[in-house]
Amino acid sequence: MRILSNAKAPNEFLPSTDASASPTTASPAVMCPETITTISSLLKSCARPNHLKQAHARILTLGLHRRIPTLLSAATLAYLSLGLLDSALPLFRSVPSPSPFLFNMAIRACAAGGRFHVALSLYYTLLSSGLRPDKFTFPFALRSCAALSDLRVGKLLHQHSLCFGCASDLFVAAALVDMYSKCGDVFCARQTFDKMANRDLVCWTSMISGYAHNGLTMETLEFFRLMQLSSVKPNRVSLLSALLACGRLGALRGGECFHCLAIKTRFEHDVLVATAVVDMYVKCGNLELARLMFDRIDSKDVVCWSTMVAGFGYHGLAREAISTFDNMVDDGVMPNATTFTSLLSACSHSGLSEEGRRFFDSMNLKYGIEPKMNHYACMVDILGRAGKLQEAVEFIKQMPMEPDTSIWVSLLGACRIHGDLDLGEKIADKIMNRDHNHAGYFVLLSNVYATKSRWTDVERVRKLMAGRRVNKDQGISLIEFNNQVHKFGVDDKSHPHSREIYAYLDQLSVRMKQLGYVPLVDFALHDVDDESKEIALSYHSERLAIVFGLINMNPGTVIRVTKNLRVCGDCHNAVKFISKIESRVIIVRDANRFHHFEGGICSCHDHW
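Note that the coordinates shown come from a computational prediction; the quantities given were computed from them, not determined experimentally.

Visitor: Hey, could you run me through the overall build of the protein in this one?
Guide: Check the secondary structure of the protein and you find 31 helices and six strands. A total of 608 residues make up the protein; the buried ones form 51% of that total. When contacts within the protein are restricted to residue pairs at least 6 apart in sequence, those whose partners lie at least 24 apart make up 64%. Total accessible area computed for the protein in this model is approximately 29,600 Å², and 52% of it derives from carbon and sulfur atoms.

Visitor: How should I be thinking about helix H28 (residues 498–514) in this particular structure?
Guide: An α-helix turns once per 3.6 residues; consequently, residues spaced three or four apart project the same way. For H28, built from 17 residues, the straight-helix expectation of 24 Å at 1.5 Å per residue is met to within 8% by its first-to-last C-alpha distance of 25 Å. Backbone geometry just after H28 places Gly516 at a positive phi near 110°.

Visitor: Would you mind showing me how to read the pattern of salt bridges here?
Guide: A side chain with one charge can pair with a side chain of the opposite charge if their charged atoms come near. Under the criterion given, the structure shown has 20 salt bridges. The partner of Asp295 in a salt bridge is Arg291, and the shortest N-O contact between them spans 3.2 Å. With a gap of four residues between them, Asp295 and Arg291 both fall in helix H17 (residues 287–296), about one helical turn apart. Residue Arg291 is classed as partly exposed on the basis of its relative accessible area of 33%. Here Glu394 makes a salt bridge to Lys397, at a shortest N to O gap of 3.5 Å. Placement of both Glu394 and Lys397 in helix H23 (residues 389–397) is noted, with a separation of three residues, approximately one turn of the helix.

Visitor: Is there a simple way to think about the packing of aromatic side chains in this case?
Guide: Two aromatic rings are characterised by how far apart their centres lie and by the angle between their planes. Considering all chains together, one arrives at 20 aromatic pairs under this definition. Judged by centre distance (4.9 Å) and plane angle (85°), the rings of Phe224 and Phe258 are edge-to-face. Linking Phe224 in helix H13 (residues 217–229) with Phe258 in helix H15 (residues 252–264), this pair joins segments that are 34 residues apart in sequence. Judged by relative accessible area, which is 12%, Phe258 ranks as buried. Centroid distance Tyr517 to Phe577: 5.7 Å. Interplanar angle 70°. Geometry classified as edge-to-face. Placement of the pair is Tyr517 in the loop between H28 and helix H29 (530–538) and Phe577 in helix H31 (residues 569–582), with a sequence separation of 60 residues. Using a relative accessible area of 17% as the deciding quantity, one classes Phe577 as buried. Taken together, the ring pairs in this structure connect Phe193, Trp204, Tyr211 and Phe223 into an aromatic cluster. Against the face of Trp305 rests Lys300, its NZ or CZ located 5.7 Å from the ring centre.

Visitor: Hey, could you run me through the packing of helix H6 (residues 100–112) against helix H7 (residues 116–128) in this one?
Guide: Describing two packed helices takes the angle between their axes plus the distance from one axis to the other. Running from N to C, H6 and H7 point in directions that differ by 165°, and their axes come no closer than 7 Å. When the axes of H6 and H7 are compared, the pair comes out roughly antiparallel. Where H6 crosses over H7, the handedness of that crossing is left-handed. Seen from H6, the contacting residues are Phe103, Asn104, Ala106, Ile107, Cys110 and Ala111; seen from H7, they are Phe116, Val118, Ala119, Leu122, Tyr123, Thr125 and Leu126. For the contact of H6 with H7, a count of residues per class yields 11 nonpolar, two polar and no charged.

Visitor: Hey, could you run me through the packing of helix H14 (residues 236–249) against helix H16 (residues 271–283) in this one?
Guide: Direction vectors running N to C along H14 and H16 enclose 10°, while the axes themselves pass 8 Å from each other. In this view, H14 runs roughly parallel relative to H16, as classed from their interaxial angle. Side by side, H14 and H16 meet where Arg236, Leu240, Leu243, Cys246 and Gly247 of the first sit next to Leu272, Val273, Ala276, Val277, Met280 and Lys283 of the second. Looking at the contact of H14 with H16 residue by residue, the class counts come to eight nonpolar, one polar and two charged.

Visitor: Any chance you could explain the sheet that holds strand E6 (residues 601–602) here in plain terms?
Guide: Strand-to-strand pairing in sheets goes through backbone hydrogen bonds, with the strands running parallel or antiparallel. If you walk across this open sheet you meet the six strands as E2-E1-E3-E4-E5-E6, and the pairing is mixed. Looking at strand neighbours, the two that pair on one side only are strand E2 (484–489) and E6, the edges of this open sheet. With four bridges joining them, strand E4 (residues 586–589) and strand E5 (residues 594–598) adopt antiparallel strand pairing. When the bridges of E5 are listed, Ile586 appears paired with Phe597.

Visitor: Which parts of the structure should I look at to understand the nonpolar core?
Guide: Side chains of a nonpolar character, in soluble globular proteins, are inclined to be buried together. By size, the foremost hydrophobic cluster in this structure holds 137 residues, and its most contacted members are Leu157 and Leu411. Not counting residues up to four positions away in its chain, the partners in contact with Leu411 are Val380, Leu389, Ala392, Val393, Ile396 and Ile427. The next biggest cluster of nonpolar side chains, apart from the first, holds 31 residues, and it includes Tyr502, Leu508, Ala574 and Val575.

Visitor: Would you mind going over the environment of Pro100 with me for this structure?
Guide: Along the chain, the position of Pro100 falls in helix H6. In this structure the C-alpha to C-alpha distance between Pro100 and Asp134, which are 34 residues apart in sequence, comes to 8.4 Å.

Visitor: When you look at the pairing of E5 in this model, what are you seeing that I'm missing?
Guide: Walk down a regular strand and you will see the side chains alternate between the two sheet faces. Hairpin remark: E4 followed by E5, antiparallel, with four residues in the connecting loop. As paired strands, E5 and E6 are joined by two bridges and run antiparallel to one another. Along E6, the bridge assignment pairs Phe597 with Cys602. The antiparallel hairpin formed by E5 and E6 contains two residues in its connecting segment, where Gly599 sits at a positive phi of about 60°.

How each quantity is defined
- Residues numbered from 1 in each chain as written.
- Predicted model: local features only at pLDDT ≥ 70, side-chain atom pairs only at ≥ 80, totals over all residues.
- Heavy atoms only, no water.
- Helix = DSSP H or I, 4+ residues; strand = E, 2+ residues; numbered from the N terminus.
- Buried < 20%, exposed > 50% of the residue type's maximum accessible area, 1.4 Å probe, protein only.
- Contact = heavy atoms within 4.5 Å.
- Areas by Shrake-Rupley, 256 points an atom, 1.4 Å probe, with all protein chains shown as cover.
- Expected span 1.5 Å × (residues − 1).
- Salt bridge = Lys/Arg side-chain N within 4 Å of Asp/Glu carboxyl O.
- Phe/Tyr/Trp six-rings, centres within 6.5 Å; stacked < 30°, edge-to-face > 60°.
- Lys NZ or Arg CZ within 6 Å of the ring centre and 35° of its normal.
- Axes fitted to C-alpha atoms, helices over the stretch in contact; angles between N-to-C directions.
- Parallel < 35°, antiparallel > 145°, perpendicular 65-115°, else oblique.
- Left-handed = near helix turned anticlockwise from the far one by under 90°.
- Nonpolar A, V, L, I, M, F, W, Y, C, P; charged D, E, K, R; others polar.
- Pairing = 2+ DSSP bridges.
- Core = buried A, V, L, I, M, F, W, Y, C linked by side-chain atoms within 4.5 Å.

In short, geometric facts, not functional conclusions.
What follows is the structure in C-alpha cells.
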C-alpha cells in the first residue's frame, strides 16, 4: 500500500491564526458545525500522545475551548482512550457538565489504569451530579471494588444496580459475581450467580476462580463439572483454577484429567497453563512427571522456573533446586523475589545453611532485589533448623525492619526442635504482650512447654488463646481414591469404613512395636499418663488416611496423602515403620514439604 506524501500533521487541520490568511479562511470566532466535527474527529484520531498534545495545545492557543465547550469533552475522551490519566483527569474536572458517557469512560479508564480509588470517587461524583449510572457504569466500578477488596462499597453498588434496573444485565451480574468472589463473600457470589437468567463463560469462570481464590477446592472442581454439563467450554482461567484446586487437594487423578483437557482444548502450549500443570504434578507428589512437563515448555518465564525451583524444594531436593536456579540464570531469565523465597526454603528443608546464606546475600548484591520479611523468615528458619539459634537471634537483631510473627514462629519452631526452652521462653516473654493472634505461635509455645512437662504453662497458653479467640486449626488429611477425595480428621469415626480402618490400624500398631517402634509421647499435648498419650497419637488424621489407602488400593500402589498441618514427630516415625511393614511407597505432603517414605526411611532424613 502506497503512503500519501501530502498527509498533514494535526496542527494543519486547525484554523490558522496568521493575520495574512485569506478572507475565506474560517475564523475561530465563527465556527461552522462541519469544522467543529472535524476538530473533534481529529482529536479522536490521534493515536500518539505527542500528536494529541499538539492538537490540544493548538486548541488552547486559539481559545477554541472557550467558544466550543464540547471540545473539552472530546479532548478528555481522546486522553482517556490513550490511557493518559494524568492529562485526562484534570481536563475532565474542567468540563462544565460531563455527560454520563464521559463519566463512564473516565471510570473505565481509571479502573483499567489501576486508579481504583479515583474510579469510585468519579462514581460518587456522577451520582452527586444528578446523573443516573447505567449498565456501562457498574462493571468498572465493581471491578475497582474487587481490586480494593472493598466489600462494603461493593454491596452498596449492588444495591444501586438494583435501584437503577441494571443488576440483571449480563455484564453487571458477572462483575457482581467477580466482586463478591474477590472480596471473600462466596455465598453472595453464588446467590448472584444462581439468579442469573443467562450465564456465559465469563460468569462461570468468575464463579470457579472465586471458589479457587477462597480456598474452596472441592467446590471449585464441582462447579467446573457443572459448567461442563452446561456445555460451556472452559477457558484458560477456569483451567488454571481447576489445576490449582487439584494441586491443593493432592488429587493426582483429577489433575491428570484436567491436563488431558488442556491438551484437548489446545491450552497445553500456553505458558501459564503449562506452568500450572507442572505445579499440580509437584503438589500431587509426582515430581518425575512435573519435570517432564517442565522440560517440554519452550519459552519458560520466571514464574515457570520459580515453580520448578519450589517443586524440588518441597520434595527436599535442594541440590536440584539450586541447579535449576543456575540453569534459569544461564538461560537469561532473571530471578525475582518469589524465586528466592523458593530457593531459600529449599535450602532450609535440606539443611544447607551456608548455601542459603550465600543466596540471601546475593539478592541485593548481585540481583538488586531488596529482601522482604518472608526472605528474612526463611533465613531465620535456615539458621534455626541448623541449630544455630544464637546466630539466628543476632540475625534478627540486625534486620532493617521490625520482625513480624513469621520470624518469631520460625525461631520458636527451632527452639522446639532443639529443645532450647530457655530461649523459647525469652521469645515468648518478648512477644506475648504484642497482641499476636497467630495460632501457629501459640501452638509452638505449647509444644515447647509440653516437651518439658510444664503443664501449668500449657494451660496458661490455652487460656490466653481462648481470651484472644485464637482457634487452632484442626488436623485434616486427604487421600484420593476412585476419583473421589476422602477426608479424615483426628480420631475421626465419620467415614463409612471407620471400623475397618481402626481395626487395621490397631493390628499395625502391634506389628510396629514388634519391630521396635516406641511412641514419642512428648508430642501429645495433654497432662495424662503415657498410655493415654499413646492412644491420642495413634489416631491422627494422616494415619487414618494411610490405612484407608492400604485397605482399598491394590498392592504396590503409591499412597499419597495431603495434610494441612505439619506432621508430628511420632506420626513421622510411625509412617516409616508402616512403609517397611507394608512394603509400600507412602508420600505425605504436610504444610511444609513432602515426605517420601519407603522401606522404613523418609526422604527428609528426619530434617523437617
